[in-house]
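Residue-level listing of the chains:
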Amino acid sequence: MNNLLANKRGIIFGALDERSIAWKVAEKVHEQGGTFVLTNAPIAMRMGKINELAEKCGAQVIPADATSMEDLENLVTQAQEILGGKLDFVLHSIGMSPNVRKNKAYTDLNHDWFSKTLDISAMSFHRVMQTLYKQDAMNDWGSILALSYIAAQEAYPFYCDMADAKATLESIARSFGYHYGVKNKTRVNTISQSPTVTSAGSGIAGFDKFFDFADEMSPLGNASAEACADYCLTLFSDLTKFVTMQNLFHDGGYSTTGITSQVMEKWGE
Ligand SMILES: NC(=O)c1ccc[n+]([C@@H]2O[C@H](COP(=O)([O-])OP(=O)(O)OC[C@H]3O[C@@H](n4cnc5c(N)ncnc54)[C@H](O)[C@@H]3O)[C@@H](O)[C@H]2O)c1
C-alpha cells in the first residue's frame, strides 16, 4: 500500500487513547496520505490523549458532543475550512451506555439512560450524516463508516442496551445509505468488529471471558484494532466504490462459525 488515501479529506470521531479503534484508523490514514480533523466529546478532551495523536498526524482537534446538532454543524463547517474543501471519508467510532457503565441488567434498565445510550451510540450517526448532507459536505464517491457489534443480530445478554443501539445504528446505515447514494454516490456501511481491548470494550461486564470465547470460536481468531483499521482504510479507498448499505463482519469468521474443535475440546474436559 502506498498513498492509498492521497488527496482524501475526512473527519475521525472517537479516538480516546492509543487502544481506541479510531486511534489506529487515524494513524493508518495518516500513513496513507489522507488528511483529517479529529473530534471527540468535550469531556474526552480532558480525559484522553487526543492531542498527542493530533500532533503525530498533523491534525487539528475540534471538540463536539455527537448528541449536539450545534456542535456537529460547527464541526462539519470548520473541518471543511481547515482541510480546504469537501470531505471524502468520515469514521463514526462512538459508543457509550450509562446502563452498561452502571452494571444494570437488561431486565432492570433505567430508561432515561437507555435513551442516552441510543442517542450517543446510534442516533448520533444519523445526526452526523444529516449535518453532512445539509451542508453538502461530502465529495462524490465518498465513504462514511460506523463500528458495530454482532449483538445487533444475536442475543448477547452482557451487552445490555448497546445491542439495541447497534441494531439501530446498522439500520440507520442502510436508510441513510440509500439517500446518500442517490445524492452523492456516497457509500455508508457499518463494520461489525470482534471484541477488542479498548476503553469501551473492557467496560462491559465479563469482557475478558467473551473475548477469549470469541477468539476460540473464530477460525482466524479475533480481529485486532489494527486489523480493523486496515479494513476501514479499504472502505475509505477507491477500491470499494460500490460497497454500500452493508453491515460487514470483521471478526475472523466468528459470525458464521457454529462450533470449533477448540471449544468442543473444552466441553470434553
Ligand atoms: N471494543 C470492542 O470490543 C468493540 C467491538 C465492536 C464494536 N466496537 C465499537 O467501536 C467503536 C469505538 O469503540 P472503541 O472500542 O474504540 O472504544 P473507545 O472507548 O476508545 O471509543 C469510544 C469513543 O466514543 C466517544 N464518545 C462517547 N460519548 C460521546 C459523545 N457524546 N460524543 C462524541 N464522542 C463520544 C468516547 O469519548 C470514545 O472516544 C464503538 O462504536 C464501539 O461500540 C467496539
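Heads up: the structure comes first, above all this text.
Residues numbered from 1 in each chain as written. Predicted model: local features only at pLDDT ≥ 70, side-chain atom pairs only at ≥ 80, totals over all residues.

## A closer look at helix H10 (residues 225-236)
Thinking step 1. Between its terminal C-alpha atoms H10 stretches 16 Å, which fits the 16 Å expected from twelve residues at 1.5 Å a residue.
Thinking step 2. Of all the positions in H10, only Ala 225, Cys 228, Ala 229, Cys 232, Leu 233, Leu 235 and Phe 236 are classed as buried. Down the axis of H10, the buried side of the element spans an arc of 165°, and every buried residue falls inside it.
Thinking step 3. Contact partners of the buried residues in H10: helix H1 (21-31), strand E4 (87-92), strand E5 (138-148), strand E6 (187-193) and strand E7 (247-250). (Helix = DSSP H or I, 4+ residues; strand = E, 2+ residues; numbered from the N terminus. Expected span 1.5 Å × (residues − 1). Buried ≥ 20, exposed ≤ 12 C-beta atoms within 10 Å, placed from the backbone. Arc of directions from axis to C-beta. Contact = placed C-beta atoms within 7 Å.)

## Details of the pairing of strand E1 (residues 9-13)
Thinking step 1. Among the five residues of E1, five are classified as buried, and the element is accordingly described as predominantly covered.
Thinking step 2. Taking every second residue as pointing to the same face, both faces of E1 are buried, with Arg 9, Ile 11 and Phe 13 on one and Gly 10 and Ile 12 on the other.
Thinking step 3. As paired elements, E1 and strand E2 (residues 35-39) share five bridges and run parallel to each other. Directly across from Phe 13, in E2, lies its bridge partner Thr 39.
Thinking step 4. Regarding the hand of the β-α-β motif, the stretch spanning E1, H1 and E2 is right-handed. (Pairing = 2+ DSSP bridges. Right-handed = clockwise from strand over helix to strand, strands pointing away.)

## Quick look at the site of the ligand
Thinking step 1. In the vicinity of the ligand there are 26 residues, among which Ser 20, Gly 95, Thr 198, Ala 200 and Gly 201 approach most closely.
Thinking step 2. Every element with two or more residues in the shell around the ligand is listed here: H1, E5 and helix H8 (199-202).
Thinking step 3. For the shell around the ligand, the element with the highest residue contribution is H8, accounting for three residues.
Thinking step 4. Looking at the shell around the ligand residue by residue, the classes come out as 13 nonpolar, twelve polar and one charged. (Near = placed C-beta within 6 Å. Nonpolar A, V, L, I, M, F, W, Y, C, P; charged D, E, K, R; others polar.)

## Some words on the sheet that holds E4
Thinking step 1. The strand order E3-E2-E1-E4-E5-E6-E7 describes an open sheet built from seven strands, whose pairing is parallel. This sheet does not close on itself; its edge strands, each paired only once, are strand E3 (60-61) and E7.
Thinking step 2. Where helix H7 (residues 162-184) meets the sheet, its contacts fall on E5, E6 and E7, and the angle it forms with E6 comes to roughly 155°. (Axes fitted to C-alpha atoms, helices over the stretch in contact; angles between N-to-C directions.)

## Brief notes about the environment of Trp 23
Thinking step 1. Tracing the chain through its elements places Trp 23 in helix H1.
Thinking step 2. Placed 15 residues apart in sequence, Trp 23 and Leu 38 show a C-alpha to C-alpha distance of 9.5 Å.
Thinking step 3. For Trp 23, the contacting residues outside a window of four places in its chain are Ala 15, Asp 17, Glu 18 and Leu 53.

Read these as geometric descriptors, not functional statements.
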